[in-house]
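Below, each chain spelled out in residue letters.
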Amino acid sequence: MKTPYITLDQVKEIAKTYPTPFYLYDEKGIRENARKVYKAFSWNKGFKEYFAVKATPNPSILRILKEEGCGTDCSSLTELQMSDACGFHGHDIMFSSNDTPLEEYKVANELGAIINLDDFTNIQELKDTLGSFPETMSLRYNPGGYFRIANTIMDNPQDAKYGMTTAQLIEGYRILKEGGVKHFGMHAFLASNTVTNDYYPTLAKELFELAVKIKAETGVALDFINLSGGVGVPYKPDQKSNDIEAIGEGVHRVFDEVLVPHGLGDIRIFTEMGRFMLAPYGALITKVIHFKHTYKEYAGVDACAVNLMRPAMYGAYHHITVLGKENAPCDHTYDVTGSLCENNDKFAIDRALPELEKGDYLFIHDAGAHGFAMGYNYNGKLWSAELLLREDGSVKLIRRAETPKDYFATLDIDDCMKKYL
Ligand SMILES: *Cc1c(COP(=O)(O)O)cnc(C)c1O
């Protein structure tokens, strides 16, 4: 069972000021979860979670995470700028990008961020761009083949565009060392949205063994290993949640097994989670505005795929609670649709829900990461507002809804649009 962190009466009150659709984030949930993450890795001296800004790029969210001890993981110019503006400085910022415009390395370096290079050719490019290497550098690894856990294939790194081969990585550390780099890190992201407590420990073991090999072959003792993102959330109500405590313990076990005996027990563990940090603590709230009965039963809402793209893009499941009907029997079946001229604009297909009425508010769960962030403007649809439910129950607007004026603002006006600006 999934329970919304807001009641129908509260949403009705909020909607008087901020019309639907809007995103609503739960500050209490975000903070409690972040504290659990830090507790789970408290055995590691220097552990740090670098929140993946791309998951939920909003300064109010970033500042909450900063208060909980997190840094940011950035992959673009604007994410770096947002981190800087929110008070993240120096090694509180990780720059893990790929296919990177050279200008962005300069910006990252000026902010003192840790630069994590995706490709072997980036090494020379970075040196040419900055004149010399920063003192601290990280390299991204891709082992190729299949990433397996207990005979289950989790993903195919060989088909992923990210990271360097083992040979490139080892050669890379040699070059960096000769180039005067003092502190080294390694990074890998091998599977996405994993709902098993074994992902991080299995990944960590592979990276720890490689760290031992790197030390033997190049003399480079890594300072940190970045397990990156990929820890998932149970989008479906019958899925079991990851247990971050067990995940932290699992990494601890392989750390003691592999790194400690090789004199590498000072390595700091970093993570770069986005989804696990935010997905369950953000919801898209939308209102039922239309019904259609043809070959199927459709319930139309005032949000659409531009507000939450995951169902349209990946066929992703997002659980829906009808506010005020939390305990009503789910004895009706609907396709819950938006208004785009695209047939994949459906938040749910053949979903069993309580009988819907016009004006019902739907709470679309687990939209706090890769939700708002993946928005777009197709069909001239506008970006929604984002609201924060504070710990005292009050609601704060943390991003206003886009207006037609915003949407038209980047056009070459040439008089014709003046009426709307
Ligand atoms: C997307 C991304 C993350 C976050 O991934 P989640 O699945 O949201 O945890 C972390 N690091 C990098 C480099 C990414 O691209």
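Residues numbered from 1 in each chain as written. Predicted model: local features only at pLDDT ≥ 70, side-chain atom pairs only at ≥ 80, totals over all residues. Heavy atoms only, no water.

Quick notes on the domain arrangement of the protein
According to the domain assignment, the protein consists of domain 1 (27-279) and domain 2 (281-408). Here domain 1 and domain 2 have C-alpha centroids that lie 32 Å from each other. Listed per partner, the contact involves 24 residues of domain 1 and 21 residues of domain 2. Both sides of the domain 1 and domain 2 interface together cover about 1900 Å² of buried area, and 55% of this is carbon and sulfur. (Domains from an automatic or database assignment. Contact = heavy atoms within 4.5 Å. Buried area = accessible area lost by both parts, 1.4 Å probe.)

Notes on unusual backbone geometry
Here the residue pair T20 and P21 is connected by a cis peptide bond, since its omega of 0° sits within 30 degrees of zero. Along the chain, the position of P21 falls in the loop between α1 (8-17) and β1 (22-26). The phi dihedral of D99 falls on the positive side, at around 50°, and the residue is not glycine. Mapped onto the elements, D99 comes out in the loop between β4 (93-96) and α5 (102-110). Classification of D99 by relative accessible area gives exposed; the value is 71%. (Helix = DSSP H or I, 4+ residues; strand = E, 2+ residues; numbered from the N terminus. Buried < 20%, exposed > 50% of the residue type's maximum accessible area, 1.4 Å probe, protein only.)

Remarks on the sheet that holds strand β2 (residues 48-52)
Taken together, eight strands build a closed barrel; the order of strands is β2-β3-β4-β5-β6-β9-β10-β11 and the barrel is parallel. If you compare each strand with its neighbour and ignore which way they point, the axes differ by 25° on average. Sheet topology note: the strand β9 (residues 183-187)/strand β10 (residues 224-226) ladder contains three bridges and is parallel. Each residue of the ladder has a partner; that of H187, found in β10, is N226. The sheet strands contacting helix α4 (residues 77-85) are β3 (71-74) and β4, and the helix crosses β3 at an angle near 165°. (Pairing = 2+ DSSP bridges. Axes fitted to C-alpha atoms, helices over the stretch in contact; angles between N-to-C directions.)

Things to note about the pattern of salt bridges
Taken as a whole and assessed by the stated rule, the structure comprises 22 salt bridges. Close ionic contact of R31 with E67 constitutes a salt bridge, the shortest N to O distance being 2.7 Å. Of this pair, R31 sits in helix α2 (residues 27-40) while E67 is found in helix α3 (residues 59-67), placing the two residues 36 residues apart along the sequence. With a relative accessible area of 9%, R31 lands in the buried category. We note a salt bridge from K296 to D350, for which the minimum N-O separation is 3.0 Å. Residue K296 is found in the loop between β12 (282-293) and β13 (297-301), and its partner D350 is found in strand β16 (residues 346-353); the two are separated by 54 residues along the sequence. For K296, a relative accessible area of 28% translates into the label partly exposed. Via salt bridges that share partners, E27, R31, R35, E67, E68, R390 and E391 belong to a single interconnected network. (Salt bridge = Lys/Arg side-chain N within 4 Å of Asp/Glu carboxyl O.)

Section: the packing of aromatic side chains
Evaluation of the coordinates by the stated rule reveals 19 aromatic pairs. Lying across the ring of F88, K66 places its NZ or CZ 5.9 Å from the centre. The ring centre of Y235 lies 4.3 Å from the NZ or CZ of R310, which sits over that ring. (Phe/Tyr/Trp six-rings, centres within 6.5 Å; stacked < 30°, edge-to-face > 60°. Lys NZ or Arg CZ within 6 Å of the ring centre and 35° of its normal.)

Quick look at the side chain of K48
Its place among the elements puts K48 in strand β2. A polar contact is formed between the side chain of K48 and the side chain of D92, at a distance of 3.5 Å. (Polar contact = N/O pair within 3.5 Å; in protein donor to acceptor, adjacent residues only side chain to side chain.)

Some remarks on the site of the ligand
Lining the immediate environment of the ligand, one finds 15 residues, of which K54, E272, G274, R275 and H370 sit closest. G274 has a polar backbone atom sitting 3.0 Å from an oxygen atom of the ligand. Take H370: an N or O atom from its side chain is 2.7 Å from an oxygen atom of the ligand. Of the residues assigned to the shell around the ligand, the class counts are three nonpolar, seven polar and five charged. (Near = heavy atom within 4 Å. Nonpolar A, V, L, I, M, F, W, Y, C, P; charged D, E, K, R; others polar.)

A few points about helix α7 (residues 166-178)
Between its terminal C-alpha atoms α7 stretches 19 Å, which fits the 18 Å expected from 13 residues at 1.5 Å a residue. When α7 is considered as a whole, its buried residues turn out to be L169, I170, G172, Y173 and L176. All buried residues of α7 lie within an arc of 155° about the axis, which places them on one face of the element. The exposed set on the far side of α7, more than 90 degrees from its buried face, consists of A167 and E178. Summarising the contacts, the buried residues of α7 are in contact with α6 (121-130), β6 (136-140), β9 and α8 (199-218). (Expected span 1.5 Å × (residues − 1). Arc of directions from axis to C-beta.)

Considering α1
Buried within α1 we find V11, I14 and A15. Projected down its long axis, α1 carries its buried residues within an arc of 100°, all on one side. In α1, the exposed residues that point more than 90 degrees away from the buried face are D9, K16 and T17. Looking at the buried residues of α1, the elements they touch are β1, β12, β17 (361-364), β18 (385-389) and β19 (395-399).

Observations concerning the confidence of the model for the protein
For the protein, mean pLDDT is 97; residues scoring 70 or higher make up 99% of the total. Put simply, strand β8 (residues 152-155) is where the protein has its lowest mean pLDDT, 87, and β1 is where it has its highest, 99. (pLDDT = per-residue confidence, 0-100.)

As for the nonpolar core
Core analysis: the largest hydrophobic core is formed by 101 residues, its most contacted members being M186, Y200 and F208. Here this core takes 10 residues from α8, the largest share from any one element. Two domains each put at least three residues into this core: domain 1 (27-279) and domain 2 (281-408). Sequence-distant contacts of Y200, that is, excluding residues within four places in its chain, are made with F41, L227, S228, G229, V231, I247, V251, T271, E272 and M273. The next biggest cluster of nonpolar side chains, apart from the first, holds 15 residues, and it includes F22, L323, Y361 and L389. (Core = buried A, V, L, I, M, F, W, Y, C linked by side-chain atoms within 4.5 Å.)

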